[in-house]
Amino acid sequence: MLEIKHTTIRTLSILGQRGAFGYALNELAKENEQIIALTSDLRTTSGLDRFNNAYPERVINVGIAEQNMIGIASGLSTLGFVPFATTFANFASLRACEQMRHHMGYMRENIKIVGFGGGFAMGMFGITHYGIEDVSSIRSIPNIAILSPADSLETVKATIAAAQHKGPVYLRLTGVMNQPMVYKEDYDYEIGKAVQLRDGTDIAIFATGGMVHQSLQAAEQLDKTGISCKVVNVHTIIPIDKQAIMNSLGVKLLVTVEEHSRIGGLGSTVAEVLTELDEKPPQLLIGVSNEYKPAGSYEYMLEQYGLNFMSITEKIIKRYGEVK
Amino acid sequence: MTNLEKYTNVFVETFEVDASEATGLAYQSILAWDSVGHMSLIAAIEDAFDIMMDTDDIIDLSSFEKGKELLAKYDVEF
Amino acid sequence: MISADKIERCQIASLNMRKNILHLAHQAGSNGAHLGPALSIVEIMAVLYLQIMNIRPFDPIWPLRDRFILSKGHGALGYYVALFESGLISKDALYTYEINGGSFSGQPSKDLSLGIEYSGGSLGLGLSYGAGIALAARRKKELFQTYVLMGDGEVNEGSVWETVMFAKHNDLSNLTAIIDRNSMQSDGSCEDIIRIDMEAAWRGFGWDVITCDGHNISELLQTFPNDRTNGPRVIIANTVKGKGISFMENSKDWHHNRLTDDLYQKALCELDEAGGVSVGN
């Protein structure tokens, strides 16, 4: 299908995850007539301009009406369309939470919801646009796969996988334009199979979305202090890759990192797996603390919540000192 | 190949235009130079000159001419 | 001119449906049932499933079938008995109503093999689904109709109006909304809870609005056929909650209630005496 040259990967990273999604959808649409995009008056913001130029009749703008958007996508899917409905992560998962539950969880319609602005990507748009409770809002709804790509190339692969997946999907996009590349080369992507990016024996970091790159940098810092650190990219939060967790039980500290509330996201998902085990390492759960802080740029917000690689490194060193 | 030839060639290949057309191009002046085209252009420029551009410069590179100015920052002389 | 035997067929079906509704509600015992909301839609369901809708009882997933979405999921009893009358389900299946873990629970769960198109229960969501189906049908150039039945209280939900705007903007002429206007909702009369001018509201959003007597079979038979091309329409059917059983009519107590042995017998007698409820011309 699409040729992944290294300049393509770089192009995608400059575009950021939203643009990468639009790029992927455009490629998918060339080969599959059933692909349809829905937007709630956010076509440009969703990265769908090129798709719209190529296939204007395949973009349905429902206006500022997220709840209706999900119902329409659901109805469309009953006749074989593969709808991708896009909006901000917050509005999909909170404003239209029940619609997600009803159409995706209960009726299991084959629709894909793309929530962009996960984490603090929206910067100065402020708190209303920070997608930091989206995963926790929908995680307890059965039957919804929750995908959280680490970089733009992975976003393309996740979009393609979502289209092929038979069943409802929530695709959570994080980060801003010029998002750092985690993958510099093409690789095999499979929904539900976490990817070990780095090996290590003292600590295992399970990270997702934009926090994967931060965690890789943290691991390098830890390396310099003599701490051997594994990094696992959890690109699928639900269904969680239990085997990947089981493979890391021998470390002295298991860390989870997410650009999402500490409550109910990746950390909680991993904790739920660990809680069933008799022997397990302690878990350090790094995420967004349970408070709203005044808005700022993306980088500023990461700093405020201790989610840049320096803060992550510090937190890990401190906790590791206590448990090793 | 001079830097100018290299630079012009990037535009020629990315947007499939002649060298003479390339010099007058600006963002959105042709269909191919949309937001995705822009990113492809940047990636190709970076690849050609073995550099990594800052986000601000990526956004500011709004025309062939402007690009030449911006690349000075990355020690690319024309 | 509607033929007399079509009307009669629907009348006989309506009587059977009411008897079955009572039987099943009684069988449900302490679980209780949404009797009032089921009884008000009987004629609408009879006319749709026996005369109007293009369906194949022995092929419930026939792709070109007309779609019916019961958005007011609490009308389930009125819906299940229509599925039986049309031949889509057997009497044995129907009589598993409200059996624990069964396929015919208090509010319908989507199961195309049983002719159940949509999972109802949460109000305000069905019109959106129906509009999506109607839009898909148009895109695939398929000619089937989509009907969405809602309650008048149900339109309190803002999500309904998102779809109302969308459907008009997209000229969904193959979409028909039906309002079971029995003028009551759970806590009492609609007038007392949220008062709107129903016709004006829909008309304001550009829909074609038709008002009719929801218990008059002849009127329903004349109203439903749809060869329009100018956008979506709503049929506001004036009905009586609990229609056909005197002590249930217009009573908020019978939105959902238990049907005891005594009351069951009393209700059955009323039906037998009336010998059929709605009189069409």
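Use the structure listed above.
Here the residue index of a chain counts from 1 through its sequence in written order. The lettering of chains begins at A and the numbering of ligands begins at 1, in the order of writing. Local features in this predicted model are restricted to residues of pLDDT 70 or higher, and side-chain atom pairs are both shown and tallied only at a pLDDT of 80 or more, whereas totals for entire chains, interfaces and linings draw on every residue.

> Residue-level account of the overall build of chain C, with values.
Broken down by element type, chain C carries eleven helices and seven strands. The size measure is the radius of gyration over C-alpha atoms, and the globule rule it meets is 2.2 Å times the number of residues to the 0.38 power. Its C-alpha atoms give chain C a radius of gyration of 18 Å, near enough to 19 Å, the size a compact globule of 281 residues would have. Projecting the C-alpha coordinates of chain C onto the three principal axes gives extents of approximately 50 × 45 × 40 Å. For chain C, with 281 residues in total, the buried portion stands at 51%. Taking the contacts inside chain C whose residues are at least 6 apart along the sequence as the reference set, 79% of them involve residues at least 24 apart. Helix and strand assignments follow DSSP, with helices taken as H or I runs no shorter than four residues and strands as E runs no shorter than two, numbered in order from the N terminus. Residue burial here comes from a neighbour count, namely the number of other C-beta atoms, placed from the backbone, that lie within 10 Å of the residue's own C-beta, with 20 or more meaning buried, 12 or fewer meaning exposed, and in between meaning partly exposed. Note on contacts: each residue gets a C-beta atom placed from the backbone, and two residues are in contact if those atoms are within 7 Å.

> Account for the sheet that holds strand E3 (residues 175-181) of chain C, naming residues and giving values.
Strand pairing in a sheet takes place through backbone hydrogen bonds and is either antiparallel or parallel in direction. Residue and element names in this part refer to chain C. Across the sheet, five strands lie side by side as E1-E2-E3-E7-E6; this open sheet has parallel pairing. The two strands at the open ends of the sheet, each matched to only one other strand, are strand E1 (67-70) and strand E6 (208-213). Here the average twist between neighbouring strands, direction ignored, is 20°. Any two strands between which DSSP finds at least two bridges are classified as paired. When E1 meets strand E2 (residues 146-151), the two strands line up parallel, connected through four bridges. Note that in E2 the partner of Phe 68 across the bridge is Tyr 147. Sheet contacts for helix H6 (residues 126-139): E1, E2 and E3; angle to E2, the most-contacted strand, approximately 170°. What counts as an axis is a line fitted to C-alpha atoms, over the stretch in contact for a helix, and the angles between N-to-C directions run from 0 to 180 degrees.

> Explain the pairing of strand E8 (residues 203-207) of chain A residue by residue, including any values.
All names here are of chain A. Among the five residues that make up E8, five are buried, leaving the element largely enclosed by the rest of the structure. Here E8 shows no split at all, with Ile 203, Ile 205 and Ala 207 on one side and Ala 204 and Phe 206 on the other all buried. One ladder, built from five bridges, connects E8 with strand E9 (residues 229-233); its direction is parallel. Following the sheet pairing, Ala 204 is matched in E9 by Lys 230. For the crossover from E8 across helix H8 (residues 211-224) to E9, the handedness is right-handed. Where E8 and strand E11 (residues 253-261) come together, five bridges link them in parallel fashion. Bridged to Ile 205 within E11 is Val 255. The crossover handedness rule: strands pointing away from the viewer, path from first strand over the helix to second strand clockwise, crossover right-handed.

> Just give me the short version of the arrangement of the chains, but keep the residues and values in it.
There are two pairs of chains in contact here, and the one with the most contacts is chains A and C. These two, chain B and chain C, are apart from each other, with no contact and a minimum C-alpha gap of 28 Å.

> Residues and numbers for the interface of chain C and chain A, please.
Taken together, the contacts link 19 residues of chain C with 19 residues of chain A. Within the residue set of the side of chain C that touches chain A, elements represented by two or more residues are H6 and helix H7 (158-169) of chain C. Here the side of chain C that touches chain A takes nine residues from H6(C), the largest share from any one element. Think of it as three bins: nonpolar holds Ala, Val, Leu, Ile, Met, Phe, Trp, Tyr, Cys and Pro, charged holds Asp, Glu, Lys and Arg, and polar takes everything else, Gly as well. In terms of residue class, the side of chain C that touches chain A is made up of nine nonpolar, seven polar and three charged.

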